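Below, each chain spelled out in residue letters.
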Amino acid sequence: MDIRMISFQPHGDARGQLVAVEEGKELPFSVKRVYYLYDTVSGVTRGYHAHKKLQQILICVHGSCTIRLDNGTEQALVRLDRPTEGLYVANTMWREMSDFSPDAVLLVLASELYDENDYIRNYDEFLRYVKERA
Ligand code: T46
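First things first, this report covers the structure right here in the doc. Everything numeric in this text was worked out from a predicted model, so none of it was measured.

Conventions used here
- Residues numbered from 1 in each chain as written.
- Predicted model: local features only at pLDDT ≥ 70, side-chain atom pairs only at ≥ 80, totals over all residues.
- Heavy atoms only, no water.
- Helix = DSSP H or I, 4+ residues; strand = E, 2+ residues; numbered from the N terminus.
- Buried < 20%, exposed > 50% of the residue type's maximum accessible area, 1.4 Å probe, protein only.
- Lys, Arg positive; Asp, Glu negative; His and termini not counted.
- Salt bridge = Lys/Arg side-chain N within 4 Å of Asp/Glu carboxyl O.
- Polar contact = N/O pair within 3.5 Å; in protein donor to acceptor, adjacent residues only side chain to side chain.
- Pairing = 2+ DSSP bridges.
- Disulfide = S-S within 2.5 Å.
- Core = buried A, V, L, I, M, F, W, Y, C linked by side-chain atoms within 4.5 Å.
- Contact = heavy atoms within 4.5 Å.
- Phe/Tyr/Trp six-rings, centres within 6.5 Å; stacked < 30°, edge-to-face > 60°.
- Lys NZ or Arg CZ within 6 Å of the ring centre and 35° of its normal.

**Quick look at the side chain of aspartate 70**
Part 1 of the argument: Structurally, aspartate 70 can be placed in strand β5 (residues 65–70).
Part 2 of the argument: In this structure, aspartate 70 is buried with no salt-bridge partner, the nearest side chain bearing the opposite charge being arginine 68 at 4.2 Å.
Part 3 of the argument: One polar contact links the side chain of aspartate 70 to the main-chain amide nitrogen of glycine 72, over a distance of 2.7 Å.
Part 4 of the argument: A distance of 3.5 Å separates polar atoms of two side chains, one belonging to aspartate 70 and the other to glutamine 75.

**Observations concerning the pairing of strand β9 (residues 105–110)**
Part 1 of the argument: Judged from the 6 bridges that link them, strand β2 (residues 33–38) and β9 form a sheet pairing that is antiparallel. Looking across to β9, one finds that arginine 33 is bridged to alanine 110.
Part 2 of the argument: In this structure, strand β4 (residues 56–62) lies alongside β9, joined through 6 bridges in antiparallel fashion. Looking across to β9, one finds that glutamine 56 is bridged to alanine 110.

**Remarks on the state of the cysteines**
Part 1 of the argument: The final tally for this structure, using the stated rule, is 0 disulfides.
Part 2 of the argument: Cysteine cysteine 60 remains unbridged, with the sulfur of cysteine 65 as its closest cysteine sulfur at 3.9 Å.

**A short note on the nonpolar core**
Part 1 of the argument: Core analysis: the biggest nonpolar cluster contains 16 residues, and Leu58, Cys65, Ile67, Leu80, Leu87, Phe100 and Leu106 have the highest contact counts within it.
Part 2 of the argument: Elements with a minimum of two residues in this core: β4, β5, β6 (75–80), β7 (85–89) and β9.
Part 3 of the argument: Among the elements that take part in this core, β5 stands out by supplying 3 residues, more than any other.
Part 4 of the argument: When residues no more than four places from it in sequence are discounted, the contact partners of leucine 58 are Ile67, Leu80, Glu85, Gly86, Leu87, Val89, Leu106, Leu107 and Val108.
Part 5 of the argument: Membership of the second largest hydrophobic core comes to 9 residues, among which are Phe8, Leu27, Ile57 and Tyr88.

**Here we look at the packing of aromatic side chains**
Part 1 of the argument: In the structure shown here, the tally under the stated rule is 6 aromatic pairs.
Part 2 of the argument: Judged by centre distance (6.1 Å) and plane angle (40 degrees), the ring pair of tyrosine 36 and tyrosine 38 falls under tilted.
Part 3 of the argument: The exposure class of tyrosine 36 is exposed, given its relative accessible area of 52%.
Part 4 of the argument: Of the residues examined, tyrosine 38 reaches a relative accessible area of 51% and is grouped as exposed.
Part 5 of the argument: With centroids separated by 5.8 Å and ring planes inclined at 65 degrees, the aromatic side chains of tyrosine 114 and tyrosine 119 adopt a geometry described as edge-to-face.
Part 6 of the argument: Given a relative accessible area of 15%, tyrosine 119 falls into the buried group.
Part 7 of the argument: Ring pairing ties together the aromatic residues Trp94, Tyr123 and Phe126, which thus form one cluster.
Part 8 of the argument: Positioned above the aromatic ring of tyrosine 88, the side-chain terminus of arginine 4 is 4.9 Å from the ring centre.

In structure tokens form, the structure reads like this:
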């Protein structure tokens, strides 16, 4: 399975670190929405859905978490634990987020505004959707 990680250049100096993420440089799409997950309860798994259109980049800017991706035929587990690394998640990809460290902050850059109609929340429906598109 083709897992696409995006590296961000840290601009560190004696004061600390800074990472900039710019459209047309590190990003493969225009960002229309930003959201972040924090204070995730220990042992919780979130997600359990796919998107028809939405593309996203997931960056664990603090702490760590694990992302499980499933394209309908293949699965992959990606551990995110660096603020300088983003996981590109294409559309039509089932995702589950788990193993959040207590201090984890998962920042998400999204290509679309929030739209509940873009979600596929049933796994069998997701598999049917993937088959129809093939
Ligand atoms: C995804 C993973 C990585 C909003 O009102 N606006 C938003 O932009 C988002 C993302 C969520 N919400 C509301 C909808 C729900 O009432 O926040 C609540 C929690 O959302 P959800 O249960 O979808 O959260 P996760 O963690 O399961 O999934 C989220 C994103 O929804 C999803 O697109 O890829 O993070």
